[in-house]
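Residue strings, one per chain:
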Amino acid sequence: AEYQHEPHEEGSIFTDDLFNWGKPPRIDHFVSIVAHWDVAYAGTSTADYNAVRVWGLDRENRYWLIGAYCRQSKMAAAVRWMVAFDKALPDSAVVRWQYESQFWNDELERTVRDVCREERHDLRLGQAERGRANKYDRILTLHPYYQNGRVWYSERLRAEQDVQVALAQLKGIEPGYSTHDDAPDADECAISVQSREVLTQEWA
């Protein structure tokens, strides 16, 4: 179903009733914005997805999806999307861009450098270390946030194919799954950065 861009049947964990859609705060009113790129190299119809997920943390400690790229593409296409998003930001808003460290980092960094040179833009993309915990377990740590109504999706993204493909991936997360999980993995990486900052502020 994912390859045909059809909705995945509702999963047993991330069910339809857990998804909240609404109007997010103005982009420069977020406490922080973190974007994580889960990198895929091949760009073929059977390869993993290049998934970029942009999450904003509001003043009520809710996480808003405000930008998304999820395609079986070459790395350069994902970088161009990030550059376009970054260029469109007002001067009063900043996104912290990060990507998951890969064994082909040299090729990745060359691609980023070439695209940024072509676009005449400095993306300031930082490297994040790969999580050591099992990916399935890490993704499941998002479930309480969904249950507690702390995860929200911008209504204007609802019809975007990238968002619907990513939703299908998330709904497919269940015991023994064999579907793609690139977008949920990127979600967990971005939200975990912000959740640690929330805890630091609460404990300060």
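Owing to the predicted nature of the structure, the values given are computational and were not obtained by experimental measurement. (Residues numbered from 1 in each chain as written. Predicted model: local features only at pLDDT ≥ 70, side-chain atom pairs only at ≥ 80, totals over all residues. Heavy atoms only, no water.)

Undergrad: Hey, could you run me through the pattern of salt bridges in this one?
TA: A side chain with one charge may pair with a side chain of the opposite charge, provided their charged atoms come close. A complete count under the given rule lists 18 salt bridges for this structure. Where Arg-138 meets Asp-185, a salt bridge forms, and the shortest distance between an N and an O atom there is 2.9 Å. Of this pair, Arg-138 sits in helix 3 (residues 135–140) while Asp-185 is found in helix 6 (residues 182–203), placing the two residues 47 residues apart along the sequence. In this structure, Arg-138 and Asp-185 share a single accessibility class: buried. (Salt bridge = Lys/Arg side-chain N within 4 Å of Asp/Glu carboxyl O. Helix = DSSP H or I, 4+ residues; strand = E, 2+ residues; numbered from the N terminus. Buried < 20%, exposed > 50% of the residue type's maximum accessible area, 1.4 Å probe, protein only.)

Undergrad: Could you clarify how one ought to interpret helix 5 (residues 161–171) in this entry?
TA: A turn of α-helix holds 3.6 residues, and therefore any two residues three or four places apart point the same way. Burial analysis of helix 5 places nine of its eleven residues in the buried class, which makes it a mostly covered element. Residues of helix 5 that are buried: Asp-162, Val-163, Val-165, Ala-166, Leu-167, Ala-168, Gln-169, Leu-170 and Lys-171.

Undergrad: Got a minute to help me understand the nonpolar core in this structure?
TA: Generally speaking, nonpolar side chains in soluble globular proteins are found buried as a group. Grouped together as the largest cluster of nonpolar side chains are 29 residues, with contacts concentrated most on Trp-37, Met-82 and Trp-97. Only strand 2 (32–38), strand 3 (50–57), strand 4 (63–71), helix 1 (75–87), strand 5 (96–100) and helix 2 (105–119) provide two or more residues apiece to this core. At eight residues, the largest contribution of residues to this core is made by helix 1. Here Trp-97 is in contact with Ala-35, Val-52, Val-54, Trp-81, Met-82, Phe-85, Asp-86, Leu-123, Arg-124, Leu-125 and Gly-126, once residues within four sequence places are set aside. (Core = buried A, V, L, I, M, F, W, Y, C linked by side-chain atoms within 4.5 Å. Contact = heavy atoms within 4.5 Å.)

Undergrad: I tried to follow the pairing of strand 7 (residues 151–154) on my own but got confused; where do I start?
TA: Every regular strand shows the same layout, with side chains that alternate between the two sheet faces. The pairing of strand 1 (residues 20–22) with strand 7 spans three bridges and is classified as parallel. Its bridge partner lying in strand 7, Trp-21 is registered against Tyr-153. (Pairing = 2+ DSSP bridges.)

Undergrad: Explain the sheet that holds strand 7 to me, please; I cannot follow it from the model alone.
TA: Two orientations exist for strands paired in a sheet by backbone hydrogen bonds: parallel and antiparallel. The strand order 1-7-4-3-2-5-6 describes an open sheet built from seven strands, whose pairing is mixed. Edge strands, defined here as strands with exactly one partner in the open sheet, are strand 1 and strand 6 (125–128). On average, each strand axis in the sheet is tilted by 35° relative to the strand beside it, whichever way the strands run. Of the strand pairs in this sheet, strand 2 and strand 5 are connected by four bridges, and their pairing is parallel. When the bridges of strand 5 are listed, Val-34 appears paired with Arg-96. In the packing of helix 5 onto the sheet, the strands contacted are strand 1, strand 3, strand 4 and strand 7, and the crossing angle to strand 4 comes to about 100°. (Axes fitted to C-alpha atoms, helices over the stretch in contact; angles between N-to-C directions.)

Undergrad: Can you help me understand the confidence of the model for the protein in this one?
TA: Interpreting fine coordinate detail is not advised for predicted regions of low pLDDT. This prediction gives the protein a mean pLDDT of 90; 90% of its residues lie at or above 70. Low pLDDT, under 50, characterises residues 1–8; the predicted model gives this stretch 15 contacts beyond four residues in sequence or across chains. (pLDDT = per-residue confidence, 0-100.)

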